[in-house]
Each structure stands twice: as structure tokens, then as C-alpha cells.
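# Summary of structural features
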Amino acid sequence: MSGLNIVLGFLVAVGTLIRDECLAVPLLFAVLLAHGAVCTGASGNPAVTVTRLLLDDGTAAAAALGVAGQILGAHLGLVVARRYWALEMTDLHVIKALMGAECSTALRSSPAQGFCVEAACGATFTLLHLGLRRKPALLRVPALAATLTFLSHAGRNYTSGVANPALAYALTFRCSGFSFTQYALVYWLGTLAGATLAVFLYVGHVPRLFSKNLLYSRKGHLSPHEKASPCSAE
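Below or above, wherever it landed, is the structure these notes cover. Position labels on residues start from 1 in each chain and follow its written sequence. Owing to the predicted nature of the model, reporting of local features is limited to residues with pLDDT of at least 70; listing and counting of side-chain atom pairs is limited to 80 or more, with chain, interface and lining totals taken over all residues. Water and hydrogen atoms were dropped before computing side-chain values, which therefore reflect all heavy atoms in the structure.

## Description of the side chain of S109
Note the following rule: Secondary structure follows DSSP: runs of H or I at least 4 residues long count as helices, runs of E at least 2 residues long count as strands, and numbering of each begins at the N terminus. Only protein chains enter the accessibility calculation, which uses a 1.4 Å probe. A residue is then buried if its area is under 20% of the maximum for its type, exposed if over 50%, and partly exposed in between. Nitrogen and oxygen atoms within 3.5 Å of one another constitute a polar contact, given that in protein one can donate a hydrogen and the other can accept it, and given that sequence-neighbouring residues count only through two side-chain atoms. Between two residues, a contact is recorded if the distance between any of their heavy atoms is within 4.5 Å.
Within the fold, S109 resides in the loop between α5 (91-99) and α6 (111-132). Taking the relative accessible area as the measure of exposure, S109 reaches 9% and is therefore buried. Within the structure, the side chain of S109 is placed 3.4 Å from the backbone nitrogen of G114, a separation counted as a polar contact. Beyond its immediate sequence surroundings of up to four residues, S109 is in contact with G114, Y158, T159 and F178.

## Side note on the packing of helix α3 (residues 46-54) against helix α9 (residues 180-203)
Helix-helix packing: each pair is described by the crossing angle between the helix axes and the interaxial distance. Threshold: Between N-to-C directions, angles span 0 to 180 degrees; the directions come from axes that are lines fitted to C-alpha atoms, helices contributing only their stretch in contact. Roughly parallel here means an angle under 35 degrees, roughly antiparallel means over 145, roughly perpendicular means 65 to 115, and every remaining angle is called oblique. Crossing handedness follows the turn of the near helix against the far one: under a right angle anticlockwise gives a left-handed crossing, and clockwise gives a right-handed one. As a working rule, the residues Ala, Val, Leu, Ile, Met, Phe, Trp, Tyr, Cys and Pro are called nonpolar, Asp, Glu, Lys and Arg charged, and the rest polar, with Gly in that last group.
Close contact between α3 and α9 brings their axes to 10 Å; oriented N to C, the two are set at 40°. Classed by the angle they form, the pair α3 and α9 counts as oblique. Between α3 and α9 lies a crossing of right-handed hand. Residues P46, A47, V50, T51 and L54 of α3 pack against T191, L192, A195, T196 and V199 of α9. Along the lines of polarity and charge, the residues of the contact of α3 with α9 split into 7 nonpolar, 3 polar and no charged.

## Observations concerning the environment of T59
You can see T59 is positioned in the loop between α3 and α4 (60-86). Take T59: its relative accessible area is 47%, and that puts it in the partly exposed class. T59 has contacts with L53 and R208, leaving out every residue within four places of it along the chain.

## A few points about helix α7 (residues 137-154)
Put simply, the test is: Helices are assigned an expected span. That span is 1.5 Å times one less than the residue count.
Compared with the 26 Å implied by 1.5 Å per residue over 18 residues, the 25 Å span of α7 between its first and last C-alpha is a close match. Those residues of α7 that sit buried are R140, V141, L144, A145, T147, L148, T149 and L151.

## So, the packing of aromatic side chains
How we decide: Two rings from Phe, Tyr or Trp (for Trp, the six-membered ring) form a pair when their centres are within 6.5 Å of each other. A pair whose planes differ by under 30 degrees is stacked, one over 60 is edge-to-face, and the rest are tilted.
According to the stated counting rule, one finds 9 aromatic pairs in the structure shown. Where F173 meets F180, the ring centres are 5.3 Å apart and the plane angle is 85°; that geometry is what we call edge-to-face. Arranged with centres 5.4 Å apart and planes meeting at 20°, the rings of F173 and Y183 form a pair that is stacked. Taken together, the residues span a long stretch of sequence, with F173 in the loop between α8 (165-172) and α9 and Y183 in helix α9 at a distance of 10 residues. Considered together, F173 and Y183 belong to a single accessibility category, that of buried residues. These aromatic residues form a ring-pair network of at least three members: Y169, F173, F178, F180, Y183, Y187 and W188.

Below is the structure:
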């Protein structure tokens, strides 16, 4: 899992050098598409790992180790990207190397508004992820890549629609403007709150927390979770 985020974190970090949206959006989609196609069956997103835990698929210890590996992988990806910039192979790399540790925060709204935006992004991604998890990769991978690209573009003036706590930690937590607690509220709690809401809406309850189905009747309607067991995806 950490290896996935080393690659993804590096590519997304390199992508931050591109300011032209006409280039940045297709590049992000291509990165996500390649990531989904090559790494099918593994997860580079803590929100997905926590979703599996909420669906009562796996242990808390395994989930904690997975999340730690994902955050570490994203951090190492950024480290690799910095060393790549230090090679100064292009003018953009020279500029980035001169900037050093400086960075601009992805959070361009208040923490409260950012929390709501990331919760919405997390819920949207998780609902789609759950709905497509049994679909062929030929449909699932492009759909998830397109959704994440859209969320990033739609949320660019608020939080950048990251919907991935590990990448958010690596790319923006070190930037000035907000405290670690405020970043954690937006990019960790916001995304995970959205994922939890998505599980509740999709299944009718949160299997890890309580068993009573509050939305779907067993006689009249089987929840999607009861029709198919969880499986891996992005």
C-alpha cells in the first residue's frame, strides 16, 4: 500500500508544477487512470481502508497498519519528487528547487467550509467506489479516475477536492496558513465523515458500529452490502 502512494504522491506532486488547467486536468486523470489500472486490487487511500473496516471487513489493527503505510507512502512520494526537482532537469524544476520548502496551501476556505467540501467529496467517491466494486475494471477504473478528477477540479477554490487523507497530509499539511489541527479537521475528519455517511446510505447501517438496518427492509429490499460482499478497488 505504501508503495502505491510513493508513486502516486510523486506524480501528483510533480503535477503541482503545472499551473495551466488545460494541462493539469488531463495529467491528473491520466495519473489516476494509470494508478487504477496498474494497482487493481490494492488501496492507496485511507478512506477506502476505513470504509472496509466500517463494512466489518478486516480488523482494526490491519486497518491502522494500512492507513499508516498509505500516509508513509505518500510522504515518501513527495520526498522522491523533491529529489527529482533538485536534479534541475527543466526550468520548472529549477524554480521549484529554489522555492525549497515553501508551498501554497490547498485549503482556500475556512476550516468549517473545507470540512463540508471534503465530506461531500469523500461521500461521493465512496458511494461510487461501493457501487462499482463488483463491476469490470474496464468500467470501474475510468469511472473512479474521472470522478476524482472532477472532484479535484470542482473543489479547486475550496480544498482541491483531494478525497484522500494520505495525499492531503503529504501535499498540504506542511504549508503555512492553517494549523495541523485545522488541516486534520478538513482532510482527515471531513473525508472520513463523508465515507462513513456513504456507507450508511449505501448499506442502511454501519456494520462495524451497529447491526440494525435503518434504511432498508430485509423483506422488501436487500441492501447492496447484503447482495455482494466487499472487495478491493482504488
